[in-house]
Amino acid sequence: MIKMVEGSLLEAAEDIIGHQVNCQGVMGSGIAKLLRNKYPSLFPAYKEFCQNHDPHDVLGKCLIVKTDNKSVANLFGQLNYGRQKVRYTYYEALKESLAALKTEAQKDGLSVALPFNIGCGLANGDWSVVYGIIEDVFHDYEVTLYKVE
C-alpha cells in the first residue's frame, strides 16, 4: 500500500522516516546527510551502532533512533559507499531492513515515510527493483514515498 506525495522527506508528517545507510558509520551525503543535520541525535547513535558491530553483521538491520519529535529508521541496505559507478545497494539487505521497519511500525501503529528512489541515487540501485521490494514488503501496511519535484 504505497502512497506517493510530492514534498520533502524532511518535512514528512509520518511517525517514522526511513532512509538507507551504509554499514561504515558514515553519513556524508544524500538524504543521510540532510537527516544528520536536522536531527543531531541521529548520527551519534548510528555511528556507535556501526562501531560496535561487524559491518557484514549490520547489513539488513534496521536501527530506529528516536529524536525529539520523530523517529528515524536507519536501513542498512548497503555495505560500503562511494562515487564509483557500481551498485552499492544490496537488494536483499534493503528488503530485510524494510521488513524490520514495518514490523516495528506495526507494533505501535506508527506511520512510515521513505524517500522516493531510496537506494537508487548515490547507491546506484535500480528503481524498478527497489519499488518492487517496497511493494512486496508493504503490501499490507501503508508507506508514503516522498518525491521532491
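Residues numbered from 1 in each chain as written. Predicted model: local features only at pLDDT ≥ 70, side-chain atom pairs only at ≥ 80, totals over all residues. Heavy atoms only, no water.

- As named in an unreviewed UniProt entry, the protein is O-acetyl-ADP-ribose deacetylase (Regulator of RNase III), taken from Paenibacillus lactis.
- Per UniProt, the protein has the following entry under Catalytic activity (unreviewed entry): "an N-(ADP-alpha-D-ribosyl)-thymidine in DNA + H2O = a thymidine in DNA + ADP-D-ribose". (UniProt positions renumbered as here; feature names shortened; annotations may be inferred.)

1. Concerning the overall build of the protein
- The number of helices and strands found in the protein is five helices and six strands.
- Reading the secondary structure of the protein in the N-to-C direction produces β-β-α-α-α-β-β-α-β-α-β.
- The C-alpha radius of gyration of the protein comes to 14 Å, within 12% of the 15 Å expected for a compact globule of 149 residues.
- Dimensions of the protein, computed from C-alpha atoms along their principal axes, come out at roughly 35 × 30 × 30 Å. (Helix = DSSP H or I, 4+ residues; strand = E, 2+ residues; numbered from the N terminus. Rg over C-alpha atoms; globule rule 2.2 N^0.38 Å.)

2. Here's the deal with the nonpolar core
- Counting residues in each nonpolar core, the largest one holds 23 residues, and the members touching the most others are M27, L42, Y46 and F76.
- Sorting the residues of this core by element identifies β2 (16-22), α1 (30-38), α2 (42-51), β3 (62-66) and β4 (71-78) as the ones contributing at least two each.
- The element best represented in this core is α2, accounting for four residues.
- In contact with M27, other than residues within four places in its own chain, are H19, V21, A32, K33, R36, L42, F43, Y46 and N74.
- Grouped together as the second largest cluster of nonpolar side chains are 21 residues, L75, Y91, L101 and L114 included. (Core = buried A, V, L, I, M, F, W, Y, C linked by side-chain atoms within 4.5 Å. Buried < 20%, exposed > 50% of the residue type's maximum accessible area, 1.4 Å probe, protein only. Contact = heavy atoms within 4.5 Å.)

3. Some thoughts on the packing of aromatic side chains
- On inspection of all chains with the given rule, the structure shows five aromatic pairs.
- Ring geometry for F116 and W127: centres 4.8 Å apart, planes at 50 degrees, overall tilted. Of the two residues, F116 is situated in the loop between β5 (112-115) and α5 (127-137) and W127 in helix α5; the sequence distance between them amounts to eleven residues.
- W127 sits in the buried class, given a relative accessible area of 19%.
- The residue whose ring lies beneath R36 is F43, and the NZ or CZ to ring-centre distance is 3.7 Å. (Phe/Tyr/Trp six-rings, centres within 6.5 Å; stacked < 30°, edge-to-face > 60°. Lys NZ or Arg CZ within 6 Å of the ring centre and 35° of its normal.)

4. With respect to the state of the cysteines
- In the structure shown here, the tally under the stated rule is zero disulfides.
- In this structure C62 is not part of a disulfide, and its nearest cysteine sulfur, from C23, lies 12 Å away. (Disulfide = S-S within 2.5 Å.)

5. Things to note about α2
- Along α2, the residues that are buried comprise L42, F43, Y46 and C50. For α2, the buried positions fall inside an angular range of 85 degrees around the axis, keeping them on one side.
- Residues of α2 that are buried sit in contact with β2, α1, β3 and β4. (Arc of directions from axis to C-beta.)

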